Amino acid sequence: MKGKFIVFEGIDGSGKTTQINQLSKWLINSELIPKNNQLVITREPGGTKVGKLIRSLLLDTSQENSPDSITELLLYAADRAQHVNEIIRPSLNKGDWVISDRFCGSTLAYQGYGRKLDIQLIKDLETIATQGIYPDITFLLDIPVEESIKRRRNKKDDRIEQEGSEFLTNVSLGFKELSEENKWKKISAMNSKEKIISEIQSEIKKLQKIY
Ligand code: TMP
């Protein structure tokens, strides 16, 4: 792959959107991305048109019958397969840089550690959905569960966020374990915005040197 693939993971309220916006502003003005290439900002679930439909099935709280946990897992995998084939792989092939708000780590954390679905099954689906595409770097924005709940106090919860603090605690533990196992860059999202941004930027610069 000619491009670079950067992923942000973390529990809800960890500030991924803010950091992605900051990083993209900086990247666009940096000379890291080759002149003829672009920066593509995307997300899971919902990075494609098909994905947006899947996202509403997954997160809508108004539906009478919510998907059961295996259906939920398959819908996240379906969203990812479409996302990889329509956006991520073609962009990386062209040499574009891609930043995704969530990727496979979220399924392991939420459906694996949160819902307690079989980790091997999740990994098998990941192989099918990604077909060998994996991030060059994954950032975990780490915040305590209480802080996540506090930051989201005035926002309406989606269907997954409604699961409550025990579920979120398991997800958070999952993210920490995954971050160690997979050598993600864990960044404390409790630090000042400036410190977080500078840590992310220095990791991105190293990434460029490696390749
Ligand atoms: P977002 O609010 O960060 O866009 O994510 C939507 C919700 O979907 C969030 O609560 C995390 C959840 N999620 C999973 O449960 N599994 C996954 O594989 C992904 C990508 C997201």
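Look up a bit, the structure's there.
*Asks:* Tell me what's going on with the environment of Pro 135, and back it up with residues and numbers.
*Replies:* Mapped onto the secondary structure, Pro 135 falls in the loop between helix H5 (119-130) and strand E4 (137-142). Setting aside residues up to four positions removed in sequence, Pro 135 forms contacts with Phe 5, Val 7 and Phe 103.

*Asks:* Residue-level account of unusual backbone geometry, with values.
*Replies:* For the peptide bond that leads from Glu 44 to Pro 45, omega is -10 degrees, which places it in the cis range. Position of Pro 45 among the secondary structure elements: in the loop between strand E2 (39-43) and helix H2 (49-59). Phi at Arg 102 takes a positive value of approximately 85 degrees, unusual for a residue other than glycine. Mapped onto the elements of the fold, Arg 102 is located in the loop between strand E3 (97-101) and helix H4 (104-114). The phi angle at Lys 116 is positive, at roughly 65 degrees, despite the residue not being glycine. Locating Lys 116 in the fold gives a position in the loop between H4 and H5.

*Asks:* Summarise helix H7 (residues 165-181); cite the residues concerned and give the values.
*Replies:* End to end, H7 covers 24 Å across 17 residues, agreeing with the expected 24 Å (1.5 Å per residue, within 8%). Buried within H7 are the following residues: Phe 167, Leu 168, Val 171, Ser 172, Gly 174, Phe 175, Leu 178 and Ser 179. Down the axis of H7, the sector holding all buried residues measures 160 degrees, keeping them to one side. Residues of H7 that are exposed and point more than 90 degrees away from the buried face comprise Glu 166, Glu 180 and Glu 181. Buried residues along H7 sit in contact with strand E1 (4-9), H4, E4, helix H6 (145-151) and strand E5 (185-188). Phi turns positive, to about 55 degrees, at Lys 183, one or two residues after H7.

What counts as what
- Residues numbered from 1 in each chain as written.
- Predicted model: local features only at pLDDT ≥ 70, side-chain atom pairs only at ≥ 80, totals over all residues.
- Heavy atoms only, no water.
- Helix = DSSP H or I, 4+ residues; strand = E, 2+ residues; numbered from the N terminus.
- Contact = heavy atoms within 4.5 Å.
- Expected span 1.5 Å × (residues − 1).
- Buried < 20%, exposed > 50% of the residue type's maximum accessible area, 1.4 Å probe, protein only.
- Arc of directions from axis to C-beta.

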